[in-house]
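A structural walkthrough
Read off the chains here:
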Amino acid sequence: MRFVAVKEADQVDLQALHRICDQMVGSRTRLINQMRAFCLEYGIPLRQGAGIFKTRVAARFE
């Protein structure tokens, strides 16, 4: 059996922040992909990328 050192509170907090950030990025990607697919069903193609999506989607629907 291998023993590891007990993690400090700062290390645990940083790991939690990284996990939360990864989950938020995944949620954002999932939502953007769903919205792109919905737009594509109506014949509105949008390029990939979160930054492009934010700028282009507003311009398409004005």
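A brief structural summary. Treat the numbers as computed from the prediction; the structure is a model and nothing was measured. Residue positions are given per chain, counted from 1 along the sequence in the order it is written. The model is predicted, so local features are restricted to residues of pLDDT at least 70 and side-chain atom pairs to those at 80 or more, both for listing and for counting; the totals for chains, interfaces and linings are taken over all residues. The basis for every side-chain value is the complete set of non-hydrogen atoms in the structure, without hydrogens or water.

Attention shifts here to the side chain of arginine 36. In this structure, arginine 36 sits in helix α1 (residues 9–41). When a residue's accessible area, from a 1.4 Å probe over protein chains only, is under 20% of the maximum for its type it is buried; when over 50% it is exposed; and in between it is partly exposed. In this tally, Asp and Glu contribute negative charge and Lys and Arg positive charge; neither His nor the terminal groups of the chain are included. A pairing counts as a salt bridge when a side-chain nitrogen of Lys or Arg comes within 4 Å of a carboxyl oxygen of Asp or Glu. Buried and unpaired, arginine 36 has glutamate 41 as its nearest opposite-charge partner, separated by 13 Å. Not counting chain neighbours up to four residues away, the residues in contact with arginine 36 comprise Leu46, Arg47, Gln48 and Phe53. Helix numbers and strand numbers start at the N terminus; a helix is a DSSP run of H or I with at least 4 residues, a strand a run of E with at least 2. Note on definitions: a residue-residue contact is assigned when non-hydrogen atoms from the two residues lie within 4.5 Å.

On to the environment of valine 57, then. Structurally, valine 57 is set in helix α2 (residues 50–60). Taking the C-alpha atoms as reference, valine 57 lies 7.7 Å from leucine 46; in sequence the two are 11 residues apart.

This part takes up α1. Working rule for helices: expected span equals 1.5 Å times residues minus one. An ideal rise of 1.5 Å per residue puts 48 Å on 33 residues; α1 measures up with 48 Å between its terminal C-alpha atoms. For α1, every residue scored as buried is listed here: Ile32, Arg36 and Cys39. At its buried positions, α1 is contacted by α2. Of the residues one or two after α1, glycine 43 is the one with positive phi, at around 80°.

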